[in-house]
Amino acid sequence: MQFRVTHRVTVRMKCAAFVVAAAISGPAMAYDVSSPAILQWYEATYQTMQYRTADFFAAGYGAVWTPPPYRADSGNGSVGYDVWDRFDLGSPGNPTLYGTETGLKTAIKSLQRVGGNVYLDLVWNHTGFEDSGTPGFAAAGGYPGFVLSASGLPNGDFHAANATGDLDGRISGLNDIDQSTNIQLIRSPVVSGNPQNIPAGTTPLYGRIANVPDVVNKRFYPDTNGPFISVYDPKTGESNIKVYSFNTADPTAGDAVAENGLGYLMRNSQWLIQTIGADGFRLDATKNYPAWALNYLDRAIYRQSTRYNLDGTQRNPFSFGEYYDGNSANIQPTIRKDINPATPGVIGGNRDALDFPLYFAMQSNLSTNGVQNSWFNLVNASLDRNDDGLANNGSQGVAFVQSHDGGGAPPGLPNVAYAYTLMRPGQSIVYFNAQQFGTNRSFPGAGRGDALGGLYGNTITTLVDIRNRYGNGNYAQRLLEKELLVYERSDSALVCLSNRVDAGFDTRTVLTSFPAGTPLLELTGNAGDPTVDPGNNFSKVVVVGSDGSVTIKIPRNLSTTGVNTGKGYLIYGPSGPQGTVTLGGTTGQIGADTPTATTNGSARLSAIDIVKGNTMTVSLQTVPVTLLNIYRDALADGNSAIVKFDGGLDINGNGVVDNTATGNVGYGFENFVTKSSPLIAPANGTAGDGQFIQTVDTTGLSEGMHYIEVRAFRSRGNNEPPIYTSWKKSIYVDRLKPTTVIQSYNSTAGIAANRTVIAQSTDLTANNVHILLDLPAGLTEAQVLSRLNGTTQATQIDTDLWSRTQTNLTSGNHVLTLVSYEIDGNFNIQRYPGQLLATTLGSGLCDLNFDGTYSPADVGLFFSAYNSNQQIFNAAGDLNGDGLIDDVDLLAFGPKLVSLGASTATLSAYNRLVGGLVPEPSGICFVAIAMGLAFGNRRRSSLTPASTIISTSGNPFSQG
């Protein structure tokens, strides 16, 4: 029988650490897990995050923490902590440092497609630098949503400029918000004249004006005529609180209501969850505003997520705060983990905190001063122990080694610190500064250049991968000395760490919980690395002795030859299966970029396979495992494998996703049903050839990027944590051409002859667009492409928008041709005729030489286009706006000249040219010819003998 992964997750009493029932069969045993690491991804655009989602997926992160998305006070080059407008996330042509609101939404959806979460940096403590003392700032309206002064409150929604202390004083000169004020106002005003409106600015400052009523602001309010939840708040005792949802289908349905400053912050937070799509927040400066205010954040976002788990349960937004303090007791009040699915009407929190006590302990004890360093001062330092007395069970605290802040530099032994934190239970962060905006910015601070792999190696991505595959099992301390620490993730991995900064290594024998005879493979690659291990002193495989012990040599942070490697760690664990994954039905590959020092943060490292057909196959071939060609490890041959597309799709055609239990190691994965033949026989089955195949119907996949992961499992006993090997592939499904439409075609700067075309990629697959004017319909595809150049290139102004301005346009029915490209080179040529410009150069239709008069020359130009077999196009000759110069236009051209009062010479020229098309039969009136030409809308080549003669004066239908 096909093995189905059945490990399930529950939650311990008051703590947030997941515990997994690991038994494949028989009694279950609970143990701690390391949730996938969070990538703090700074100094990169949203477009880069979307572009590099394949690298995020390949590295194995489970979430992203991004900078504040708001419009900043000090300009669009700001990191964003000096907030000006919380509802302005960037717009087309006016982005923030990172991009636009659409760009953020698209990046979030891209990262969520692989199953990841996105946490935005939420700033509730302060706004920007300007205040009521800034000349002109009050007249400009101050900050959107806040008042600088009010009756009885000279500082309005803020603390005084000279206030002091953690709660009231300013951080870095930023205007500090007073969350306790209760000035009831409509803070995103919609309609002018409402007495409840926040005072509007009257005179712009720096080109900005705040709090001016605008009907567009409706989208920033929930729809009070729409659905709501009724909840009880145990923190305040209030009941029957109605929380309305934002109407994402019709943003104009939002209803403006009066609120205080805290209510404004709450509404913005709910909007970021429901409308923008965030999964939660990193909470900035929680030490600097009252802890009670966080209860209102819980109220704002409780049950507001639009994402649901595969089992149908709604996701709970997760947040973690920055309380800059080494005292766990001070941080504890900002942590709240009391959401109870059994009581959906009772507000609960899902809040944690950055583990500053652990961070400060690592600073002191993983320094470059070996005498100072001591593991005794580190192993129990975590915020984790403050809730239940257990320092390493992952119940609370989000571990981090470094951050963006000026005081957030890593300790002297950062690699050891990451090895230590990434292998512990609970939450852990890796900080990546992409430096896309330059390397000379003093803020934010430097991060790990190897956080996604690439130019600076794979130290971090290797640790993240080991965390995912071996970060299961309770923390068990096996050796603790001042300079050495060995801990086991029970039955999963043995983590060996040194804080020594001199040369050499140390040998120790430690007990483990692994069965006797189990070969343990060194997983980091440090053993045998020519830099870390020039003398081959460290075993790539150690075998557990009869008493459960292993003897290990632990490298110091200088190699035996004195090279400063900073890699004083090894990690051992049982091997997972070995094999190869191949994709069938692909039609080429989008190659990876080659990173440089300048592009390390923006270059995509992952190659992407292209799928254009209606089906594809995913195949895994596992092989018998012999470690180092010495140790036969039969259990590593594997007894099962599963496959996942994106965050979990039904790709094996049985109508459901096979594994939907949240926290399950197989969550979102499908069983191989085309073929499943493990080398180790499953229960009541027989051993096979190690091959697993799944045929996938790609017509059910959306166009664009998709992500495939295959996991093959080591055969393990009852109650042992799962160990698996993971293979990952990124694919680009491109069965259809990109679709781009004209969003607008408006005059530029009020000049009718100058028009700006805005083109929109409706399926979000276009990565380049050209916009051409008045191409004839008869051009071949090759001829159209040959006309692309720098002047036809449109400028990308948003994730889905391209712009090109055309100047000195003539009057007539113009044709716009859009040529859209995808990342794999696929393109689409789309022609949009009938773009009428009637008040520009020329007199309009029939004035083909645009000289403001109607003359025989215009007639000659018309017939040149008419007789060109659609190789010539003139906007003034396309009378019906269909992009062609054909019989319909011929029929209409003469009457149009008459109606415009064209001269006798012009009408005669028309008659002569029409008469020359075919022999002129006698007695045929204009009306009959008109009927004949109009029938079937025939082209010039299909004309039957007839003539179209119009009167040179008076009504053209008067003859005959």
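Whatever comes next refers back to the structure up there.
Residues numbered from 1 in each chain as written. Predicted model: local features only at pLDDT ≥ 70, side-chain atom pairs only at ≥ 80, totals over all residues. Heavy atoms only, no water.

Peer 1: I'm lost on the sheet that holds strand S32 (residues 675-677) in this one. Help?
Peer 2: Across a sheet, paired strands are connected by hydrogen bonds in the backbone, their directions being either parallel or antiparallel. Taking strand neighbours across the sheet as the criterion, the four strands line up as S24-S27-S33-S32 in an open arrangement whose pairing is antiparallel. Edge positions in the sheet fall to strand S24 (578-584) and S32, since each of these pairs with one other strand and no more. The average undirected angle you get between the axes of adjacent strands in this sheet is 15°. As paired strands, strand S27 (residues 615-623) and strand S33 (residues 691-697) are joined by seven bridges and run antiparallel to one another. (Pairing = 2+ DSSP bridges. Helix = DSSP H or I, 4+ residues; strand = E, 2+ residues; numbered from the N terminus. Axes fitted to C-alpha atoms, helices over the stretch in contact; angles between N-to-C directions.)

Peer 1: Is there a simple way to think about the nonpolar core in this case?
Peer 2: In summary, soluble globular proteins display a tendency toward joint burial of nonpolar side chains. One finds Trp41, Tyr61, Tyr420 and Leu497 to be the most contacted residues of the largest nonpolar core, which totals 122 residues. The greatest single-element share of this core, amounting to eight residues, is contributed by helix H4 (residues 261-276). When near neighbours in sequence (up to four residues on either side) are disregarded, Trp41 contacts Thr48, Met49, Arg52, Phe56, Val64, Trp65, Thr66, Pro67, Leu111, Phe432, Ala434 and Leu452. Among the nonpolar cores identified, the runner-up in size contains 22 residues, and Val815, Cys846, Leu897 and Val914 belong to it. (Core = buried A, V, L, I, M, F, W, Y, C linked by side-chain atoms within 4.5 Å. Buried < 20%, exposed > 50% of the residue type's maximum accessible area, 1.4 Å probe, protein only. Contact = heavy atoms within 4.5 Å.)

Peer 1: Help me understand the packing of aromatic side chains, please; the structure alone is not making it clear to me.
Peer 2: Each aromatic ring pair is characterised by the separation of its centres together with the angle its planes make. Scanning all chains against the criterion turns up 42 aromatic pairs. Relative to Tyr866, the ring of Phe863 has its centre 6.1 Å away and its plane inclined at 75°; by these criteria the two rings are edge-to-face. Here the residue Phe863 and the residue Tyr866 both occupy positions in helix H12 (residues 856-866), the gap between them amounting to three residues, near one helical turn. Judged by its relative accessible area of 2%, Tyr866 falls in the buried class. The positively charged end of Arg86 is found above the aromatic ring belonging to Tyr70, 5.7 Å away from the centroid. (Phe/Tyr/Trp six-rings, centres within 6.5 Å; stacked < 30°, edge-to-face > 60°. Lys NZ or Arg CZ within 6 Å of the ring centre and 35° of its normal.)

Peer 1: Any chance you could explain the pairing of strand S35 (residues 724-733) here in plain terms?
Peer 2: Regular strands have side chains that alternate between both faces of the sheet. By the criterion of burial, S35 is predominantly enclosed, with seven of the ten residues buried. Both strand S26 (residues 608-611) and S35 contribute to a ladder of three bridges, which runs parallel. Bridge pairing links Asp609 to Ile731 in S35. In this sheet, S35 lies alongside strand S34 (residues 704-713) in antiparallel orientation, the contact comprising ten bridges.

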